[in-house]
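# Fold and contact review
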Amino acid sequence: MEYFTETAPMLMVSKMAEEMKGSEIIKIAAEMKKMVANGDRVFNYTIGDFDPSIFPVPELFKNEVINAYNKGFTNYPLSNGTLELRQSVSRLLHTRLGLEYKDDQVLIAGGSRPLIYAAYKTVVDQGDTVLFPAPSWNNNHYTHLCGGKAIALETSSENDFMPSYLDMKAHISNTSLISLCSPLNPTGTSFKRRQLEEICELILEENKKRPDTEKPIYLIFDQVYWMLNFGDEMHVDPVNLYPEMKNYTIYIDGMSKAFSSTGVRVGWATGPTKIIAKMKNILGHVGAWAPKPEQMAAAVFLKNDNAVTEHLEAMKLKISERLNALYKGFIRLKSEGFNIDAVKPEASIYLTVKIDLAGRIMRDGITLENAKDITNYLLKESKIAIVPFYAFGAPVSSCWFRISVGQCRMEDIEPFFEALRAALSGIEELVEED
Ligand SMILES: Cc1ncc(COP(=O)(O)O)c(C=O)c1O
């Protein structure tokens, strides 16, 4: 048998791996990186990450990570996370959200992603139906990993891109999991109280009908952006609305977004004891623990109410001034007659904008057909890198985009609009022929 060949052999892999799609956002970011490598100045508003020089990690958290390494906390943590961190998380949820979760109802992992994966794996069997809104972040991929049947519920700007119970009703009797996120990535919009109440009522009503021998509908409620809510509406969550939802809700949360710590990797999930225990077993085999020094540090930081509040206030100020400045600029373009729109920002690091250039003709005579063409046009023509909603499961005909301000400098906003204006003026209306 020949082991080493010059040409790569055709290797068959699992059907799941073969059909697993890569991230559309990373594809756009890769294109953008090529331009940066060529010396172009690109307005990079693509990924949901932070420039640490604008949004640093909290000082106390950073120092405690270093302390923990110096103290030698470098062996395996408990597989569900250090007790200190689980207690700090439990306290944070109690003091800031009024939620009651005991230590053994909290699971720690290396960021929120492994927890979402474990939650899916715990409740979704091959062929099970999973409902989620489109656009939304990565639910299609997690469903694929479990061999589930994805039902993406297309949302619209009329509902601020939040799904309604009416969208779910027709599928409810066959559903195993509903996966929701509020504030939502990519839109930055949140559930209004009544919207979420109606979905909880639907779940509770359906679960009452199911015998104990059957799986109930579970709800993943990803609220990784809830602490970055700066709008007039309060953040709402299922268990505060309906305490019975505690039996079925798995909360996903973590340090990454609220504490600008995407590279530090600490996340937590809270939910029913049995679900959390099963998720722990799954992640134990994956080995997706957060590093122990980071856990020790997060435990100290999250317990310090002043440090947490101070960080969140400073961060929300920076985020809201960027999002509001961008929002105003888009609304100005709209008022000037461009086919542009924007949704008022209220939370997270994202602004939702419509840049509808479909049907317009570029200088070279080629027509922009859809959001893919518009994304490329903006990148090539004006060096603006933003993410179309089709990257989050919306149709490619949708001309809505996500702008992330994690890397945005205030002084770049004016040049950004100059570049956008130039791109908008560099195309012509499609002339309809009789
Ligand atoms: C809604 C949502 N949940 C979870 C995550 C993953 O967070 P983490 O970096 O903690 O894995 C992201 C990251 O973009 C996100 O937007």
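Owing to the predicted nature of the structure, the values given are computational and were not obtained by experimental measurement.

Conventions adopted
Residues numbered from 1 in each chain as written. Predicted model: local features only at pLDDT ≥ 70, side-chain atom pairs only at ≥ 80, totals over all residues. Heavy atoms only, no water. Pairing = 2+ DSSP bridges. Helix = DSSP H or I, 4+ residues; strand = E, 2+ residues; numbered from the N terminus. Axes fitted to C-alpha atoms, helices over the stretch in contact; angles between N-to-C directions. Contact = heavy atoms within 4.5 Å. Parallel < 35°, antiparallel > 145°, perpendicular 65-115°, else oblique. Left-handed = near helix turned anticlockwise from the far one by under 90°. Nonpolar A, V, L, I, M, F, W, Y, C, P; charged D, E, K, R; others polar. Near = heavy atom within 4 Å. Polar contact = N/O pair within 3.5 Å; in protein donor to acceptor, adjacent residues only side chain to side chain. Areas by Shrake-Rupley, 256 points an atom, 1.4 Å probe, with all protein chains shown as cover. Phe/Tyr/Trp six-rings, centres within 6.5 Å; stacked < 30°, edge-to-face > 60°. Buried < 20%, exposed > 50% of the residue type's maximum accessible area, 1.4 Å probe, protein only. Lys NZ or Arg CZ within 6 Å of the ring centre and 35° of its normal. Salt bridge = Lys/Arg side-chain N within 4 Å of Asp/Glu carboxyl O. Domains from an automatic or database assignment. Buried area = accessible area lost by both parts, 1.4 Å probe.

## With respect to the sheet that holds strand 8 (residues 267-270)
The seven strands are arranged 2-8-7-6-5-3-4 in an open sheet whose pairing can be described as mixed. Each edge of the open sheet is held by one strand with a lone partner, namely strand 2 (106-109) and strand 4 (149-154). When the angles between neighbouring strand axes are averaged without regard to direction, this sheet yields 20°. The sheet contact formed by strand 7 (residues 249-254) and strand 8 spans four bridges and is antiparallel. Counterpart to isoleucine 252 in the pairing with strand 8 is alanine 269. Packed onto the sheet, helix 5 (residues 113-123) meets strand 2, strand 3 (129-134), strand 5 (175-181), strand 6 (218-222), strand 7 and strand 8 and runs at close to 175° relative to strand 6.

## Considering the packing of helix 5 against helix 6 (residues 139-146)
Two elements in contact, helix 5 and helix 6, have axes whose closest approach is 9 Å; the angle formed by their N-to-C orientations is 50°. Classified by the interaxial angle, the pair formed by helix 5 and helix 6 is oblique. Relative to helix 6, the crossing made by helix 5 is right-handed. Side by side, helix 5 and helix 6 meet where Arg113, Ile116, Tyr117, Tyr120 and Lys121 of the first sit next to Asn139, Tyr142, Thr143, Leu145 and Cys146 of the second. Within the contact of helix 5 with helix 6, the residues separate by chemical class into six nonpolar, two polar and two charged.

## A word on the site of the ligand
Neighbouring the ligand are 13 residues; Asn185, Asp222, Tyr225, Ser256 and Lys257 lie closest to it. Arginine 113 has a polar backbone atom sitting 3.1 Å from an oxygen atom of the ligand. Lysine 257 has a polar side-chain atom sitting 2.8 Å from an oxygen atom of the ligand. Isolated, the ligand exposes 400 Å² of accessible area, and the fraction of that covered by the protein chains is 97%.

## Brief notes about the packing of aromatic side chains
Counted according to the given criterion, the structure contains 19 aromatic pairs. Arranged with centres 5.5 Å apart and planes meeting at 65°, the rings of phenylalanine 50 and phenylalanine 55 form a pair that is edge-to-face. On the accessibility criterion, phenylalanine 50 (6% relative accessible area) is buried. With a centroid separation of 6.0 Å and 35° between ring planes, the pair formed by phenylalanine 61 and phenylalanine 301 is classed as tilted. You can see phenylalanine 61 sitting in helix 3 (residues 59-70) and its partner phenylalanine 301 sitting in helix 11 (residues 292-303), a full 240 residues away along the chain. For the pair phenylalanine 61 and phenylalanine 301, a shared accessibility class is recorded, and that class is buried. One aromatic cluster in this structure is built from Phe43, Tyr45, Phe330, Phe416 and Phe417. Here the guanidinium or amino end of lysine 246 rests over the ring plane of tyrosine 101, the centre of that ring lying 4.7 Å away. Above the ring of phenylalanine 55, the side-chain terminus of lysine 318 is found at 5.7 Å from the ring centroid.

## Description of the pattern of salt bridges
This structure, assessed with the given rule, holds 21 salt bridges. Two residues, arginine 194 and glutamate 197, come together in a salt bridge whose shortest N-O distance is 2.8 Å. Taken as a pair, arginine 194 and glutamate 197 lie in helix 8 (residues 193-209) at a separation of three residues, close to a single helical turn. Residue classification places arginine 194 among the partly exposed positions, given a relative accessible area of 42%. Note on glutamate 197: relative accessible area 16%, which makes it buried. A salt bridge links glutamate 206 to arginine 210, with the nearest nitrogen and oxygen atoms 2.9 Å apart.

## Some words on the domain arrangement of the protein chain
Where interface size is given, it is often the accessible area lost as the parts come together that is meant. You can read the domains of the protein chain as domain 1 (15-40 + 313-425) and domain 2 (59-309). Placing a centre on the C-alpha atoms of domain 1 and another on those of domain 2 gives a separation of 28 Å. Between domain 1 and domain 2, the contact holds 26 residues from the first and 30 residues from the second. Of the roughly 2,500 Å² buried where domain 1 meets domain 2, counting both sides, 66% is carbon and sulfur surface. Here domain 1 and domain 2 share zero salt bridges between them. Along the contact surface separating domain 1 from domain 2 lie 11 residue pairs in polar contact (both at pLDDT 80 or more). Of all the elements in the fold, those that place two or more residues in the side of domain 1 that touches domain 2 are helix 1 (15-19), helix 12 (305-335), strand 10 (350-355) and strand 13 (400-404).

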